[in-house]
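Chain by chain, the residues run as shown.
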Amino acid sequence: MFFVEAIELEGLGNRSYLAGGRRTAVVVDPPRDIDRVLAAAARRGVAITHVVETHIHNDYVTGGPELARITGAAYLVPADAHVSFARTAVSDGDTVTIDRELTLTAVATPGHTPHHTAYVLSEAGRPVAAFTGGSLLIGTVGRPDLVEPRLTEQLARAQHASARRLADALPDETEVLPTHGFGSFCSSAQADGESTTIGKEKAANPALTIDVDTFVAELLAGLEDVPAYYAHMGPANAAGPAPVDLTPPAVADPDDIAARLAAGEWVVDLRNRIAFAEGHVAGSFNFEADGKLATYLAWLIPWGKPVTLLAESAEQLAAAQRELVRVGIDRPAAAATGGPADWLRAGESSASFPRATFAELAGQGRGRIVVLDVRRSSERAEGWIEGSVHIPIHQVHRRIDDVPDGVVWVHCAGGMRAGIAASLLDAAGRDVVAVDDGFGAAAEAGLTIVTG
């Protein structure tokens, strides 16, 4: 009997996998913090003999080299991937034995990257699962525009062909186990559901139901902006990432926090947006630890800028550190725990701003009020508040001066991104109100929604 265990990277919207038999196992697309993988293998009583990458990742830093070093496992990486470390180069059709009657076969599936490779797990010669990485996802495919603009259309066409190759070669009952698609911006659309099979994808996945020209046109038309930190992930993975250090950072006292803010460093408050709005260190930014911390902080922060983390507890701080190392933010410059009273110097007062609902926005006169929409362009295209200004969240910190004068009522789809944007505007000295409400309530409140 074989097993497959998914290792969720919730904040990044990805999955890694541990798969094997009674004694030995393979790890597919491991995260940077490999202790989770080692713990999973220990619970199952299996030795990790192989570590494989489906591609050189653009959205997170891999733990592959370190996991292979610690376990002594063979490290399998697609042969056409240009890397600077020792590995076992894998080509189409290569097969390795994972456990008794359990094999893993490489299948070239270019599209997400030129070298992308899927792996088919077979038991006694029968395919039982396909680790599809960024190729065939649940109801969609991985985006083809992360490598080089000149290659995007070519890779989109390859993605269509690769999805069909898998569908044609594998039985309908074969499980499809992608790395991306659970919130990752590496996916061209978000997954519909948590699990799937080849048969289900044949019935619903556009790559398997429409012709290549229509598929490519629709795929390219639907691509979103690429998170800025992606530009650093590929090179880091190709070079071979260093081991992580998750020991607690240096403790920042109130004087240190003030000095770091004065020096232009980023001080990030990890508390929830309600607590932050009620009181925070002036000049600090709010990225909720329970939100998509790694995605949005890594997207917005100037790369390499020192960051100090303010957390409610040591546990919250440790979880944030773990999430951030996955995207290459390895060591906070400093950190502090507690609340504003612990982070402010004697005589200093906390800053705050109000939160509101769309109903409260609808009750305002439109005099000097600015309604700022920080959703993605694709979200706004489905409807927006008449007269609102649109600056996607990842552009707000660079475009503060583009926000018109007046009290800024900032909203997103649910409240988290509005909280981030409100903190950026508040730190810049703007009067801001964070609309902490679901966008569906805007029309119900009587606000005019424009479509088309």
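The structure presented is a predicted model; accordingly, all values stated were derived computationally and were not measured.

Would you mind going over the side chain of Asp 33 in detail, with residue names and values included?
Among the structural elements, Asp 33 can be located in the loop between strand E3 (24-28) and helix H1 (35-44). Owing to a relative accessible area of 0%, Asp 33 belongs among the buried residues under this scheme. Within polar-contact distance, the side chain of Asp 33 engages the side chain of Arg 326 at 2.7 Å. Ignoring sequence-local partners within four residues, the contact set of Asp 33 consists of Arg 322 and Arg 326.

Lay out the nonpolar core in plain terms, naming residues and giving numbers.
Residues Trp 266, Phe 287, Leu 297 and Leu 309 are the most contacted members of the largest nonpolar core, which totals 54 residues. Among the elements that make up this core, the one with the highest residue count is helix H10 (residues 293-300) (seven residues). Setting aside residues no more than four positions away along its own chain, Leu 309 makes contact with Val 268, Leu 270, Leu 317, Ala 320, Leu 324, Pro 332, Ala 334, Ala 335 and Ala 336. Counting 21 residues, the second-largest nonpolar core is a separate cluster that includes Ile 7, Leu 18, Val 77 and Phe 85.

Can you explain the environment of Ile 400? Please cite residues and give values.
Structurally, Ile 400 is set in the loop between helix H15 (393-396) and strand E20 (407-411). The spacing of Ile 400 and Ala 335 is 65 residues in sequence and 27 Å in space, taken between C-alpha atoms. Those residues within four positions of Ile 400 in sequence are excluded, and the remaining contacts are Leu 424, Leu 425, Ala 428 and Arg 430.

Requested: an account of the sheet that holds strand E11 (residues 175-178), with residues and values cited.
Spatial strand order, E7-E8-E9-E10-E11: five strands in an open sheet with mixed pairing. The open sheet is flanked by strand E7 (95-99) and E11, the only strands paired with a single partner. Between one strand and the next, the sheet's axes are offset by a mean angle of 25 degrees, whatever the strand orientation. Relative to strand E9 (residues 117-123), strand E8 (residues 102-108) runs antiparallel, the two being bridged by seven bridges. Residue pairing across strands places Ala 108 opposite Thr 117, the latter belonging to E9.

If you had to explain the environment of Arg 143 to someone new, which residues and values would you point to?
Examined against the element boundaries, Arg 143 turns out to sit in the loop between strand E10 (126-133) and helix H3 (152-169). Spatially, the C-alpha atoms of Arg 143 and Gly 415 are 27 Å apart, while their sequence positions differ by 272 residues. When neighbours within four sequence positions are excluded, Arg 143 is seen to be in contact with His 112, Phe 185, Cys 186, Ser 187, Ser 188, Leu 223, Glu 224, Asp 225 and Val 226. Polar contacts involving the side chain of Arg 143 include one to the side chain of Asp 145, which spans 2.8 Å. A polar side-chain atom of Arg 143 sits 3.0 Å from the main-chain carbonyl oxygen of Phe 185.

Tell me about the pairing of strand E5 (residues 74-78), residues and numbers included.
On a regular strand, one side chain projects to one face of the sheet and the next to the other, so that they alternate. Judged by how many residues are buried, E5 sits mostly within the fold: four of five residues are covered. Relative to E5, strand E4 (residues 47-52) is paired through three bridges, and the arrangement is parallel. Paired with His 50 across the two strands is Ala 74, which belongs to E5. Two strands pair when backbone bridges link them, and E5 and strand E6 (residues 88-90) are joined in this way by three bridges, in the parallel orientation. Note that in E6 the partner of Pro 78 across the bridge is Val 90.

Cut-off values and rules
- The numbers attached to residues start from 1 for each chain and follow its sequence in the written order.
- Residue-level local features of this predicted model are given only where pLDDT is at least 70; pairs of side-chain atoms are given and counted only at 80 or more, and the full residue set underlies all totals for whole chains, interfaces and linings.
- The basis for the side-chain values is all heavy atoms of the structure; hydrogens and waters are excluded.
- Under the DSSP-based scheme used, a helix requires at least four consecutive residues in state H or I and a strand at least two consecutive residues in state E, with every element numbered from the N terminus.
- Only protein chains enter the calculation, and the probe is 1.4 Å; a residue is then buried if its accessible area is under 20% of its type maximum, exposed if over 50%, and partly exposed in between.
- Any N or O atom pair separated by 3.5 Å or less is treated as a polar contact, with the protein-specific requirement of one donor-capable and one acceptor-capable atom, and with residues adjacent in sequence counted only for side-chain atom pairs.
- By definition, residues are in contact when any of their heavy atoms lie within 4.5 Å.
- Among buried residues, those of type Ala, Val, Leu, Ile, Met, Phe, Trp, Tyr and Cys that are joined through side-chain atoms within 4.5 Å constitute a nonpolar core.
- In this description, strands pair whenever DSSP reports at least two bridges between them.
- Axis definition: a line fitted to C-alpha atoms, over the contacting stretch in the case of helices. Angles run 0 to 180 degrees between N-to-C directions.

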